[in-house]
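Each chain, written out:
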Amino acid sequence: MLKKFLLVALLLMSPLIAYGAEVKSVENIDLQRYAGTWYEQANFPMYFQRKCVRNTTANYRLLADGNIEVINRCEKADGSTLQAEGLAKPSGNGPAELKVRFAPAFLSFLPFVWADYWVIALDPNYQWAIVGTPDKEYLWILSREKEISDSLLKELSEKAETQGFDVSKLRLTEQR
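Residues numbered from 1 in each chain as written. Predicted model: local features only at pLDDT ≥ 70, side-chain atom pairs only at ≥ 80, totals over all residues. Heavy atoms only, no water.

(A) Here's a closer look at the pairing of strand E6 (residues 115–122). Within E6, six of the eight residues are buried, which leaves the element mostly enclosed by the surrounding structure. Relative to E6, strand E5 (residues 97–101) is paired through four bridges, and the arrangement is antiparallel. Looking across to E6, one finds that Val-100 is bridged to Ala-115. In terms of strand pairing, E6 meets strand E7 (residues 128–132) through four bridges, oriented antiparallel. Bridging across to E7, Trp-118 finds its partner in Gly-132. The turn joining E6 and E7, which pair antiparallel and follow one another in sequence, is formed by five residues; a positive phi near 60° is taken by Tyr-126. (Buried < 20%, exposed > 50% of the residue type's maximum accessible area, 1.4 Å probe, protein only. Helix = DSSP H or I, 4+ residues; strand = E, 2+ residues; numbered from the N terminus. Pairing = 2+ DSSP bridges.)

Rendered as structure tokens:
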């Protein structure tokens with residue numbers, strides 16, 4: 001509850017958001033260190049997550065070919081688990097600019113099944129990450145821990161805001 005209050009307070013006290021700001025990915029990323037389980041702290045709601053109510057995670061596993069296996073999970077209101085399996089690959093534009101698909105592999109030749117996945121901020125110790133899309137339509141705040149402090153959530157929201165994301169759209173993720 002305190003997280004929600006602080007996030008709302010941040011939004012109300014924020015100056016005008018620089019919507020025209022360019023989204024930039026981090027310059028360096030070690031995908032082996034990035035691999036593993038991440039706990040979602042907040043997101044811009046998207047279609048896949050419409051039924052998610054809590055315990056959203058993303059698990060990444062680096063494959064031998066340099067691609068990344070992606071398994072996203074969340075818990076629905078009835079307690080059942082919703083899971084999406086996908087694949088991420090380097091886009092060729094920068095080490096932290098990836099493309100991800102959740103469509104079946106036989107459709108991977110179609111460009112529209114691949115979506116942008118840019119790591120736009122990353123803790124030097126890989127304890128938190130902010131992931132977004134260059135069109136600013138999607139945003140996720142992730143951490144290695146189930147819960148983060150309100151002050152860290154505020155700091156990460158501000159980092160996203162400086163890249164032009166409308167953080168008033170952030171939805172907090174309940175983690176139990």
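(B) Broad picture of helix H3 (residues 150–162). Taking 1.5 Å per residue, 13 residues should reach 18 Å; H3 reaches 18 Å between its end C-alpha atoms and fits that length. Turning to H3, its buried residues are Asp-150, Leu-153, Leu-156, Ser-157, Ala-160 and Glu-161. One side of H3 holds all its buried residues, which, seen down the axis, span an arc of 145°. Seen from the buried face of H3, the exposed residues on the opposite side, beyond 90 degrees, are Ser-151 and Thr-162. Gly-164 sits one or two residues past H3 and shows a positive phi near 95°. (Expected span 1.5 Å × (residues − 1). Arc of directions from axis to C-beta.)

(C) Local environment of the state of the cysteines. Counted according to the given criterion, the structure contains one disulfide. One disulfide in the model links Cys-52 with Cys-74; its S-S distance is 2.0 Å. Its S-S torsion of about -70° marks the bond between Cys-52 and Cys-74 as left-handed, since a negative value means left-handed. Taken together, the residues Cys-52 in strand E2 (residues 52–62) and Cys-74 in strand E3 (residues 68–76) connect sequence positions 22 residues apart. Neither residue differs from the other here; Cys-52 and Cys-74 are each classed as buried. (Disulfide = S-S within 2.5 Å.)

(D) A look at the pattern of salt bridges. Applying the stated criterion across every chain, the model contains five salt bridges. Of the charged contacts, one joins Arg-54 and Glu-75 as a salt bridge, the two residues approaching to 3.2 Å between their closest N and O atoms. Taken together, the positions of Arg-54 in strand E2 and Glu-75 in strand E3 put the pair 21 residues apart, joining distant regions of the chain. Notably, a salt bridge pairs Asp-116 with Lys-99, separated by 2.8 Å at the nearest N-O pair. A residue pair is termed long-range when its members are at least 10 positions apart, and Asp-116 in strand E6 and Lys-99 in strand E5 qualify at 17 residues. (Salt bridge = Lys/Arg side-chain N within 4 Å of Asp/Glu carboxyl O.)

(E) Inspection of the packing of aromatic side chains at higher detail. Tallying each qualifying case throughout the model produces five aromatic pairs. Between the aromatic rings of Tyr-60 and Tyr-117, the centroid separation amounts to 5.9 Å while the plane-to-plane angle is 75°, which identifies the pairing as edge-to-face. With Tyr-60 in strand E2 and Tyr-117 in strand E6, this pair connects stretches of sequence that are 57 residues apart. When the ring of Tyr-138 is compared with that of Trp-140, the centres are 6.0 Å apart and the planes differ by 15°; the resulting orientation is stacked. Judged by relative accessible area, which is 32%, Tyr-138 ranks as partly exposed. Note on Trp-140: relative accessible area 15%, which makes it buried. Here a set of aromatic residues connected by ring pairs shows up, and it is made of Tyr-34, Trp-38, Tyr-60 and Tyr-117. It is Arg-50 that lies over the ring of Tyr-47; its NZ or CZ is 3.9 Å from the centre. The residue whose ring lies beneath Lys-89 is Trp-114, and the NZ or CZ to ring-centre distance is 4.1 Å. (Phe/Tyr/Trp six-rings, centres within 6.5 Å; stacked < 30°, edge-to-face > 60°. Lys NZ or Arg CZ within 6 Å of the ring centre and 35° of its normal.)

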